[in-house]
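As a plain string of letters, each chain reads:
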Amino acid sequence: MTRAERVSRNLNRALHGLFAADERAWLLGEDVADPYGGAFKVTQGLSTVYPDRVLSTPLSENGITGVAGGLALCGDTVVVEIMFGDFVGLAFDPILNLLTKSVTMYGERTPMRVVIRCPVGGGRGYGATHSQSPQKHFIGIPHLALYELSPLHDAADVLAAALSRGEPAMLFEDKILYTQRRYVDNRVDDRLAFELRGGDGNWARVHDPAATAAPTLVIAPGGVANRAITAATEAARRGRTVEVLVPARLYPVDVEGLLDLLDGADGVIVAEESTAGGTWGSEVAARLHAEAWPLLRGPVELVSSADRVIPSAPHLERAVLLGADAILDRIMRLPAGPVARDRSAPSPDGSGTIAAARTGPSPAGRVPAAQRGVAVDVPRLNPNDDSYVLLEWLVPAGATVEAGEPVAAVETSKAIEELPAPDSGILRQDVAAGADCVPGATIGHILPAAAVPAPATPPALPAQAASVPDAPARAGSGPGVPAPAYPESEEAAGTRAAPPGRPLPPAQRRIADVVTTSHREIPAAFTAVRVDVTAALAYARRAADETGAAVGLTEVVIAAVAALHERFPALYARLTDGGLVVDAAAPAIGVTVDAGTGLFLPVIRDAAGLDLGDLADAVVELRMKALRNRLREEDMAGMTFLVALNDTAGVTLARPIIPPGVTCALSVPDVHREVVLDGDGGVRERMVADLGLAYDHRLVNGAQAGAYLAALGEALQR
C-alpha cells in the first residue's frame, strides 16, 4: 500500500508544483517565508526556492488581499495565506468589492486568478478568536468559488480546479487535518473504500463495498469528514449502513453527482462545524429539496456546532464543536426502513429509472420462534480475567433492539467492551448492572416481539455486593446468576439497613485486581537513573516541526525502548505458567492512559517500524480512544513492555506496577531543570528525568536492568 503523506505536506507539495509550473505565481501572507514557513509550516521551503515571489507581509489582511487583486488584474497568479481564518473578515471588502467584481466589471471577462487560503476550525484549544469556521459568510457572492481541503482529495487537484475557473476562490483548511495522513489507494481502512465521483472528481464517496443494506448518507466537508467516518464506523457496529460524501468544492454547490446515491437512501444528513443559520449545509439542503425531492425519504437533516463562542479549555471546546458523537446520534435517530438496494436492477414499476424498493417486515427467520428467546452471553474477552463487571445496560429492559445493536457494557481489567444483541427483538435483563459475570454467563435474552412483555430491570445490587468482589453470596446469587426480581418479603426488605459508605467504582475494582495480582505473583525489583533529556527534547521539537505531528519526550522514549529490543530480549520476554521463557518476536509497547474513568494500557505493536511522526499519531489516537471510551481488547493485547507515564507536574520519581504477562515497566516522570558543573568548572543548566525500571526478578537481574537503563540514557542523549 502506498505510504500516505500528511495533509500539510500534500498541500506544501502542491504549492511547490504550482510555483514550478507558473512563473507568474506569487505567495503573500504573514510569516510565510523561511525559516518560519507559515504558522502551520505549509509554506516551508517556498521562499528559499522562489525568494522573489514569496513575500512575508505586514499584519493587514485587507492590505494583503488588495495587493493580490492588483497583481491578478495584471495577469498574475496569487495565493494569499490568511494566518487564521477568523481574520478573513478583515479582507471581506476587497473580496466582495474588488476581486469578485473585477471578473466582469470592466466590459469584458477578466481572469482573476487568486486563491485565498484560510486555516479554519477548532479542536486545538486556540479559543474564540482562532477557531471559527467562517465559510458560510462567503456563500452566494458572484464569481467567488469556495473549496475545502480534505484527506480524500489531492491538494494539487484542488488548487488546479480553483485556478482553472479564472475567478477568485477561497480554500478552507481545517487545522485539525494538517497533521493527519491522507487516504490513498482508494482505501480508508480494511472495511471502507472511497472513490472520486464526477468528471472533476469533486465528490469523494466513502462506503463499505460489502454492504447491501440501504445507507444513510452523511455529507461532510474537510475536517468533519473524519468525524463522519468515525461515526459511520460506529454506526456499522450497531447495524446501520452509512456512506460519507465529501466535496472538494463547497460553492457553487454541485448535486448532480449525488442524485443516483440519493435513490434508496434511508436519509441525508449534512454535517459541518460552523454554527447553524445561513450555512453551506442549508444551501445543500435547499438544492436537494429543489432538484431531488422525489428521491428523498424525508427532509435533509442538518447538524452543526453549538451556537456558542468557542472556548479554549479542551473539555468545553469539545462540548461546543461538532464531534463524531453528535453525528452518530443524528444517524441513529433516523428511522432505518428496510430498503432493497440493488441500483443495477430496474425499478419496481418497470421504468428505467432507479427507485427505492420498499420491502415488508424483516424476514421471520431472523427472530426465533422459541419463546425463551436468544441468550445474551458474555464472551471470553481476554485470557487474564476470570470474571468481568456488567458495567451498565445500554438500553432499558423491554426495549426493542436490532441485531448487532450494543445492549450492555462489560468491563474487563483492560477495557470496556460493548456486547451486541445477538438477534432482533425485545430485551430482557436477567442480571443487574454492577454484577460480576464470568465468561460464558447469560446476562439477558432477546425475546420475539410476539412473546410476553420482558420483565422489569433487575434491582440494583446491594451496596456491599457492588463494592466487595468476594462478598458472601446468598443461595442462588453470584457471578452470572440472575438477581431475584423481588425481595423475599416487605418485612425482610425493611430490616436490611444499607451500610455506610459508597461502592467502589467498577473501574477502580479492576485496577485493584491487576495491582493485587501483580504484587502477589511477580517478584518485582526496581532501579532508577537520572538521564539528561535536553538533547531528546530538542530532537522531539525538530521532529514536530518536520512532521507536523505532536512529538514529545514520550514518543522519543517509546522509540528508544522499541529500538533496544534486539539488544535486551530478556526484558521483553514473558514467563508462562509452566515456567518457560517466551521471547517476543517484536516489541509491542504499552502506554498508560488515565482517562479519568480508569487506567488503560493500550499497545503500539509496530513501534519499532514507525517514525516519530507516525508514533505520535498512534499515541494520540489511543489516548483519544481512551477518553471517548472507544478502546477495545484488541487495542490492548500483546504487550511486551510497558511505558508508564507519570509526568504530572512535580512528579520526579515513580515506581510502576508490572502488569501480569509483562516483564518490565519503565516509568517516565515529569522533566525538571538541574544546574550542573561542566568539564571546565563552569555552570550549565540541563533538563533531566529520573527514569525508573520495575522488572520481574525471575527473568531480569539488577545488572541487566542497570545496563538497559544505561543504554536507554545513552540513546536519549544522542
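Quick note: structure is the one above.
Residues numbered from 1 in each chain as written. Predicted model: local features only at pLDDT ≥ 70, side-chain atom pairs only at ≥ 80, totals over all residues. Heavy atoms only, no water.

J.: Give a description of the overall build of the chain that names residues and reports values.
T.: Counting its regular elements, the chain contains 17 helices and 34 strands. Put simply, the chain has 718 residues, and 50% of those count as buried. Of the contacts formed within the chain by residues at least 6 apart in sequence, a portion of 72% connects residues at least 24 apart. Carbon and sulfur atoms provide 56% of the accessible area of the chain, an area that totals close to 31700 Å². (Helix = DSSP H or I, 4+ residues; strand = E, 2+ residues; numbered from the N terminus. Buried < 20%, exposed > 50% of the residue type's maximum accessible area, 1.4 Å probe, protein only. Contact = heavy atoms within 4.5 Å. Areas by Shrake-Rupley, 256 points an atom, 1.4 Å probe, with all protein chains shown as cover.)

J.: Can you break down the sheet that holds strand 23 (residues 442–447) residue by residue, with the values?
T.: What the 4 strands build is an open sheet, ordered 16-23-21-18; its pairing is antiparallel. This sheet does not close on itself; its edge strands, each paired only once, are strand 16 (374–377) and strand 18 (400–401). Note that strand 21 (residues 425–429) and strand 23 share 4 bridges and pair antiparallel. Residue Gln 429 lies in a different strand from strand 23, and its bridge partner there is Gly 444. (Pairing = 2+ DSSP bridges.)

J.: So what's going on with the side chain of Asn 226? Residues and values would help.
T.: Locating Asn 226 in the fold gives a position in helix 6 (residues 224–237). When its relative accessible area of 13% is taken as the criterion, Asn 226 is described as buried. Contacts of Asn 226, omitting those with residues within four sequence positions, involve Pro 151, Leu 177, Gln 180 and Tyr 183.

J.: Residue-level account of the sheet that holds strand 8 (residues 203–207), with values.
T.: One open sheet holds the 6 strands; their spatial order is 7-8-10-9-12-13, and the pairing between them is mixed. The open sheet is flanked by strand 7 (193–197) and strand 13 (301–305), the only strands paired with a single partner. Ignoring which end each strand starts from, the neighbouring axes of this sheet average 25° apart. Summarising the sheet, strand 7 and strand 8 pair through 5 bridges and their orientation is antiparallel. Within strand 8, the position partnered with Leu 196 by the bridge is Ala 204. Its contacts with the sheet place helix 6 against strand 8, strand 9 (215–219), strand 10 (241–247) and strand 12 (267–275), and it is angled at close to 170° to strand 10. Taken strand by strand, helix 8 (residues 280–292) contacts strand 9, strand 10, strand 12 and strand 13, and its axis lies near 155° from that of strand 12. (Axes fitted to C-alpha atoms, helices over the stretch in contact; angles between N-to-C directions.)

J.: So what's going on with the environment of Val 662? Residues and values would help.
T.: By the element assignment, Val 662 lies in the loop between strand 31 (641–646) and strand 32 (664–669). Spatially, the C-alpha atom of Val 662 lies 8.8 Å from that of Tyr 695, the residues being 33 residues apart in sequence. Every residue in contact with Val 662, bar those within four places of it in the chain, is listed here: Met 639, Thr 640, Phe 641 and Leu 642.

J.: Tell me about the pairing of strand 19 (residues 406–411), residues and numbers included.
T.: In terms of burial, strand 19 is a largely internal element, 6 of the 6 residues being buried. Sheet topology note: the strand 17 (residues 388–393)/strand 19 ladder contains 4 bridges and is antiparallel. By the bridge assignment for strand 19, Leu 390 is matched with Val 410. The pairing of strand 19 with strand 20 (residues 416–420) spans 5 bridges and is antiparallel. In the sheet register, Ala 408 faces strand 20, and the bridge partner there is Leu 419.

J.: Account for the pattern of salt bridges, naming residues and giving values.
T.: In total, this model carries 36 salt bridges according to the counting rule given. In this structure, the salt-bridge partner of Asp 329 is Arg 333, at a minimum N-O distance of 3.0 Å. One end of the pair is Asp 329 and the other is Arg 333, both in helix 10 (residues 324–333) and 4 residues apart, which spans about a single turn. Judged by its relative accessible area of 39%, Asp 329 falls in the partly exposed class. Measuring nitrogen to oxygen at the nearest pair gives 2.7 Å for the salt bridge that ties Asp 696 to Arg 698. (Salt bridge = Lys/Arg side-chain N within 4 Å of Asp/Glu carboxyl O.)

J.: An account of the packing of aromatic side chains is needed here, citing residue identities and associated values.
T.: If you walk through the whole model with that rule in mind, you get 10 aromatic pairs. Taking the centre distance of 5.5 Å and the plane angle of 40° together, the rings of Phe 19 and Tyr 50 count as tilted. With Phe 19 in helix 1 (residues 7–21) and Tyr 50 in the loop between helix 2 (46–49) and strand 2 (54–56), this pair connects stretches of sequence that are 31 residues apart. Accessibility assignment for this pair places Phe 19 and Tyr 50 in one class, buried. Ring geometry for Phe 568 against Tyr 708: centres 5.2 Å apart, planes inclined by 85°, an arrangement best described as edge-to-face. Of this pair, Phe 568 sits in the loop between helix 15 (553–563) and strand 25 (574–575) while Tyr 708 sits in helix 17 (residues 702–716), and the two are 140 residues apart along the sequence. Comparing Phe 568 with Tyr 708, the two get one shared label, buried. Every member of this aromatic cluster is reached through a ring pair, and the members are Phe 40, Phe 84, Phe 87, Tyr 126 and Tyr 178. (Phe/Tyr/Trp six-rings, centres within 6.5 Å; stacked < 30°, edge-to-face > 60°.)

J.: Now, about empty space enclosed by the protein: what can you tell me, with residues and values included?
T.: Scanning the entire structure with this criterion turns up 4 cavities of 30 Å³ or more. The computed volume of the largest cavity comes to approximately 120 Å³. Gln 135, Glu 148, Pro 221, Glu 272 and Glu 273 are the residues nearest the centre of the largest cavity, which is lined by 14 residues in total. The residue inventory of the lining of the largest cavity, partitioned by class, reads 5 nonpolar, 4 polar and 5 charged. (1 Å grid on protein atoms, 1.4 Å probe; cavity = no way out; pocket = protein on both sides within 12 Å on 5 of 7 lines; lining within 4 Å. Points joined across faces, edges and corners; volume = space filled by probe spheres on them. Nonpolar A, V, L, I, M, F, W, Y, C, P; charged D, E, K, R; others polar.)

J.: Please give an account of the pairing of strand 4 (residues 114–120) that cites residues and values.
T.: Most of strand 4 sits inside the fold, with 7 of its 7 residues counted as buried. The two faces of strand 4 match: Val 114, Ile 116, Cys 118 and Val 120 on one face and Val 115, Arg 117 and Pro 119 on the other face are all buried. Note: strand 3 (residues 77–81) against strand 4, 4 bridges, orientation parallel. The partner of Val 80 across the bridge, within strand 4, is Ile 116. What joins strand 3 to strand 4 is helix 4 (residues 92–99), and the crossover it makes is right-handed. (Right-handed = clockwise from strand over helix to strand, strands pointing away.)

J.: I'd like a description of the nonpolar core, backed by residues and values.
T.: Within the largest apolar cluster, 57 residues are counted, with the highest numbers of intra-cluster contacts made by Val 561, Phe 641, Leu 666 and Leu 693. Element by element, the count of residues in this core is highest for helix 15, at 7 residues. Look past the residues within four positions of Leu 693 in its chain and what remains in contact with it is Ala 525, Phe 526, Thr 527, Leu 571, Phe 641, Cys 664, Ala 665, Leu 666, Ala 705, Tyr 708 and Leu 709. Membership of the second largest hydrophobic core comes to 46 residues, among which are Ala 72, Ile 82, Ala 91 and Ile 141. (Core = buried A, V, L, I, M, F, W, Y, C linked by side-chain atoms within 4.5 Å.)

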